[in-house]
Amino acid sequence: IGLEQQRKFSICIPLLAGKAGWEVLFEVRSEKIGRQPGDVCFPGGHREQGETLVETALRETEEEIGISQKDIRLLGKSDFMLTIYRGMIQPYIAYIPYEIYKTAVPNPKEVAEIFTVPLRFFLKTEPERHDTVWKVIESPDFPYEKIEGGKNYPFSKSKTTQLFYEYNGHIIWGFTAQVLRNIIEILNESKLKF
């Protein structure tokens, strides 16, 4: 599938200058949401028609966390990431003033809570790594008679390494941890002091 056929999403990685220095803002998805309820993530979502990816990230941050777009300062973006679900996700890094964060009222339909983690925790902490294996599951509609070996065809399995961070009882894993790790590697290579 070409990039032009990918479903496009964007997310915002909010940074604050708090009491502990730079902090990363996360949200916990509401239990009312059908997909990935209770997971820790960044604000973001699907690009709407006529919208740029950066507009999506800012709109979703306002809708989910309750912080006005005018109070969010875009700092840059990291590499886009492809998902196994035919999606292309563009992460944006943004600054939100700490006093604005303290007044945020998350949308309870989408967000159970918001919290921050000191950026230095991620700069100094290696994530746990655990492998998952993706394999083909038999489908009654698949034309097995057209392939050598039929239902016994030796389909390939794909191994993926999942990353896990744990901070004050919150588990940050999956795609959110991958995005975070990518940004941490960029920051570590930049030699900037955080």
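Structural data are supplied above this passage.
Throughout what follows, the structure given in this document is the object of discussion. (Residues numbered from 1 in each chain as written. Predicted model: local features only at pLDDT ≥ 70, side-chain atom pairs only at ≥ 80, totals over all residues. Heavy atoms only, no water.)

1. Let's talk about the overall build of the chain
Working step 1: Across its full length, the chain carries 4 helices and 11 strands.
Working step 2: By principal-axis analysis of the C-alpha atoms, the chain measures approximately 65 × 40 × 30 Å.
Working step 3: Within the chain, counting contacts between residues at least 6 apart in sequence, those at least 24 apart form 65% of the total.
Working step 4: Here the chain displays about 11900 Å² of accessible surface, and carbon together with sulfur accounts for 51% of that area. (Helix = DSSP H or I, 4+ residues; strand = E, 2+ residues; numbered from the N terminus. Contact = heavy atoms within 4.5 Å. Areas by Shrake-Rupley, 256 points an atom, 1.4 Å probe, with all protein chains shown as cover.)

2. Regarding the sheet that holds strand E10 (residues 158-167)
Working step 1: Taken in spatial order, the 3 strands line up as E9-E10-E11 in an open sheet, and their pairing is antiparallel. Single-partner strands in this sheet number two, and they are strand E9 (128-134) and strand E11 (170-173). Strand-to-strand twist in this sheet, taken as the mean axis angle between neighbours without regard to direction, amounts to 30°.
Working step 2: Where E10 and E11 come together, 4 bridges link them in antiparallel fashion. Residue Tyr165 lies in a different strand from E11, and its bridge partner there is Ile172. (Pairing = 2+ DSSP bridges. Axes fitted to C-alpha atoms, helices over the stretch in contact; angles between N-to-C directions.)

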